[in-house]
Amino acid sequence: MIIRKIYDFENAHIVRFCSSKRCKESIHGHSYRCEVLLKSDYLDAAGMVYDFGLMKQHIRMIIDSFDHTTTLYAKDSNEYKNDMKKHSKRWIELPYNPSAEHFSRIFFVLIDKLLGQCVMQNGEKGVELYSIIVHETATGYAQCFKEDAYSPKMGLINLDEIIFSDEIKAEWSDFDFYEKLKNGFKFINPKEC
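Analysis parameters
Residues numbered from 1 in each chain as written. Predicted model: local features only at pLDDT ≥ 70, side-chain atom pairs only at ≥ 80, totals over all residues. Heavy atoms only, no water. Helix = DSSP H or I, 4+ residues; strand = E, 2+ residues; numbered from the N terminus. Buried < 20%, exposed > 50% of the residue type's maximum accessible area, 1.4 Å probe, protein only. Contact = heavy atoms within 4.5 Å. Phe/Tyr/Trp six-rings, centres within 6.5 Å; stacked < 30°, edge-to-face > 60°. Lys NZ or Arg CZ within 6 Å of the ring centre and 35° of its normal.

Some remarks on the side chain of S40
Phase 1 of the analysis: Looking at where S40 falls in the secondary structure, it is placed in the loop between strand 2 (28-39) and helix 2 (52-55).
Phase 2 of the analysis: Since its relative accessible area comes to 3%, S40 is described here as buried.
Phase 3 of the analysis: Beyond its immediate chain neighbours, meaning those up to four positions away, S40 contacts M1, V49, K125, G126 and V127.

Following this line, the structure appears as structure tokens:
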């Protein structure tokens, strides 16, 4: 069975090297919609694949990190990156061009890792991330599956190369959340949420 939860976020970026002149030369923003699809062959004690209430916690926090945020490409000029960081408290620096495709892959890797480190408390079994869909516009989206997220052909996602501003970290339930996620910390799901 597959369940889906939708999250909205606002984000600004420049997508260097793309065909669209406006997109590659000017900072611009989108009202993104992210769909997180989970799957399992089992249901928990409440007859659910995974409680939507649990998805309002760390999964939401990951996606919300990109909300009202300027996403920077690490290979852009230091002058541009430093200027953006000077004028925007919420920024993320990625080693990948901030396209919808890369957003979907990054979200997949982050959420997949999180689910693998969650200690389930309500009889959840075999819960896996099925897909991430990132809508950049009302008519265009990128959909990522596991083979896309971990594809060497598309470039491996290295979590050590993703940098979140302190302002973003300060809004997390734990300032060290990302370090814990990268280092295999076990996140214990609450029995009630």
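Further notes follow.
Overview of the packing of aromatic side chains
Phase 1 of the analysis: The full count for this structure, using the stated rule, is 17 aromatic pairs.
Phase 2 of the analysis: Considering the side-chain rings of F9 and F66, the 6.4 Å spacing of their centres and the 65° angle between planes classify their relative orientation as edge-to-face. A residue pair is termed long-range when its members are at least 10 positions apart, and F9 in strand 1 (residues 2-13) and F66 in the loop between helix 3 (58-64) and strand 3 (69-73) qualify at 57 residues. Pair check on accessibility: F9 and F66 agree, each one buried.
Phase 3 of the analysis: Between the NZ or CZ atom of R16 and the centre of the ring of Y80, over which it lies, the distance is 5.5 Å.
Phase 4 of the analysis: The lysine or arginine in question, K180, covers the ring of F185, its NZ or CZ lying 4.8 Å from the ring centre.

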